[in-house]
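Read off the chains here:
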Amino acid sequence: LECASPLMCPGGGPSAICAPNLEARSCAHSTPGHILIDYEAVACTPFERSAFLFPVIPLILSVAIVVLLYKRAIRADEQRWKHWSKGLMNLAFILLNHYQLLNILRVAKTDAPSDLSNVLSFWTFVSDILSVFRPPCVGLGTFWQSLALKSLGPVIVAVVFLATYGLSYVATCAMRKGSAMNPVLLQQGYFTIIFSFFTGIAQAAFTVVVCANNPSRRETLQADRSVLCYEGDWFAML
């Protein structure tokens, strides 16, 4: 079975000796306390290994984003849609989708030029926003765990929106003034996020069915060479 890159298997061949801090079939995984970046195992910092970076910070940011989207929805009117800032937001949305589509090449059976591969590696976070928070450093480094997080993404986002609405309702009851968040506007914000990152969500589904050939004629997942296609764990992922 081949490795994804010669850098991961300096020994080469079926009995390849893995590079430092790499393990598993085809040297596809980093050892605990390390994260795989550009085919090399990089040591996680103490902050990256803490639960504060993941999942605490993402949860705090998620609630803040929900509140921000809600406030912008409340203030939306015809005059604000004509403001130059709306044009910048539309441009950012187009660029986001552009690089999300380009990242689909990372899971396709293509031999991309090295320069293109480097560009795509930099923009990986637009399709996998949680990678910014280094989940592998807290023990979520396998492909199965990563796929589960991506697949449950819409559900997790929905729970955050519901929790934010619940907090606003409790705060309103406690202070006995004002009103809770408008569910219709919250629903609008939820589908705005889902639509913005839909390409990344769809890409996660494609990764399970894209397999790579090996000299042994056994195919392994392009996204994780430790997983044998059409066998055991692969069927569970489907």
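Just above, that's the structure.
A brief look at the structure comes next. All figures in this text were calculated on a predicted structure; none of them were measured in a lab. (Residues numbered from 1 in each chain as written. Predicted model: local features only at pLDDT ≥ 70, side-chain atom pairs only at ≥ 80, totals over all residues. Heavy atoms only, no water.)

Now for the overall build of the protein chain. When helices and strands are counted, the protein chain shows ten helices and six strands. Relative to all contacts within the protein chain whose residues are 6 or more apart in sequence, the contacts with residues 24 or more apart total 53%. (Helix = DSSP H or I, 4+ residues; strand = E, 2+ residues; numbered from the N terminus. Contact = heavy atoms within 4.5 Å.)

Taken as a whole, this structure holds three salt bridges when the rule is applied. For E48, the salt bridge goes to R134, with nearest N and O atoms at 3.4 Å. Placement of the pair is E48 in helix α1 (residues 46-49) and R134 in the loop between α5 (114-122) and α6 (143-151), with a sequence separation of 86 residues. Overall, E48 belongs to the buried group, its relative accessible area being 16%. R134 gets classed as partly exposed once you look at its relative accessible area, which sits at 24%. Between D128 and K150 there is a salt bridge, and its shortest N-O distance comes to 3.9 Å. Of this pair, D128 sits in the loop between α5 and α6 while K150 sits in helix α6, and the two are 22 residues apart along the sequence. Judged by relative accessible area, which is 17%, D128 ranks as buried. Its relative accessible area of 28% is what places K150 among the partly exposed residues. (Salt bridge = Lys/Arg side-chain N within 4 Å of Asp/Glu carboxyl O. Buried < 20%, exposed > 50% of the residue type's maximum accessible area, 1.4 Å probe, protein only.)

Taken as a whole, this structure holds six aromatic pairs when the rule is applied. Judged by centre distance (5.4 Å) and plane angle (20°), the ring pair of F93 and F195 falls under stacked. You can see F93 sitting in helix α4 (residues 84-103) and its partner F195 sitting in helix α8 (residues 183-196), a full 102 residues away along the chain. For F93, a relative accessible area of 27% gives the class partly exposed. Overall, the relative accessible area of 56% leaves F195 in the exposed class. In this structure an aromatic cluster arises from ring pairing among F161, Y190 and F191. (Phe/Tyr/Trp six-rings, centres within 6.5 Å; stacked < 30°, edge-to-face > 60°.)

Two faces belong to every sheet, and in a regular strand the side chains alternate between them. Where strand β3 (residues 34-37) meets strand β4 (residues 40-43), four bridges bridge the pair, whose relative direction is antiparallel. Its bridge partner lying in β4, I35 is registered against V42. What sits between β3 and β4 in their antiparallel hairpin is a turn of two residues, with D38 showing a positive phi close to 50°. (Pairing = 2+ DSSP bridges.)

You can see P183 is positioned in helix α8. As for P183 and Y70, which are separated by 113 residues in sequence, their C-alpha atoms are 9.8 Å apart.

Listed as buried for helix α9 (residues 198-206) are T199, G200, Q203 and A204. Relative to the axis of α9, the buried residues are bounded by an arc of 145° and lie together on one face. Opposite the buried face of α9, by more than 90 degrees, sit the exposed residues F198 and A205. In this structure, the buried residues of α9 make contact with α4 and α6. (Arc of directions from axis to C-beta.)

Right, let's talk about the packing of α4 against α9 for a bit. A packed helix pair is summarised by two numbers, namely the angle formed by the two axes and the spacing between the axes. One way to put it is that α4 packs onto α9 with a least axis distance of 9 Å and a crossing angle of 10°. With respect to α9, the axis of α4 lies roughly parallel. Contacts from N97, Q100, L101 and N103 in α4 reach T199, G200 and Q203 in α9. Broken down by class, the residue content of the contact of α4 with α9 amounts to one nonpolar, six polar and no charged. (Axes fitted to C-alpha atoms, helices over the stretch in contact; angles between N-to-C directions. Parallel < 35°, antiparallel > 145°, perpendicular 65-115°, else oblique. Nonpolar A, V, L, I, M, F, W, Y, C, P; charged D, E, K, R; others polar.)

Right, let's talk about unusual backbone geometry for a bit. Geometrically, the link from F54 to P55 is a cis peptide bond, its omega value of 15° lying close to zero. Within the element layout of this structure, P55 appears in helix α2 (residues 52-74). With a phi close to 70°, R217 is a non-glycine residue in the positive phi region. Inspection of the secondary structure assignment puts R217 in the loop between β5 (211-212) and β6 (220-221). Residue classification places R217 among the exposed positions, given a relative accessible area of 80%. In the Ramachandran plot, Y230 falls in the positive-phi region, its phi being about 65° despite a non-glycine side chain.

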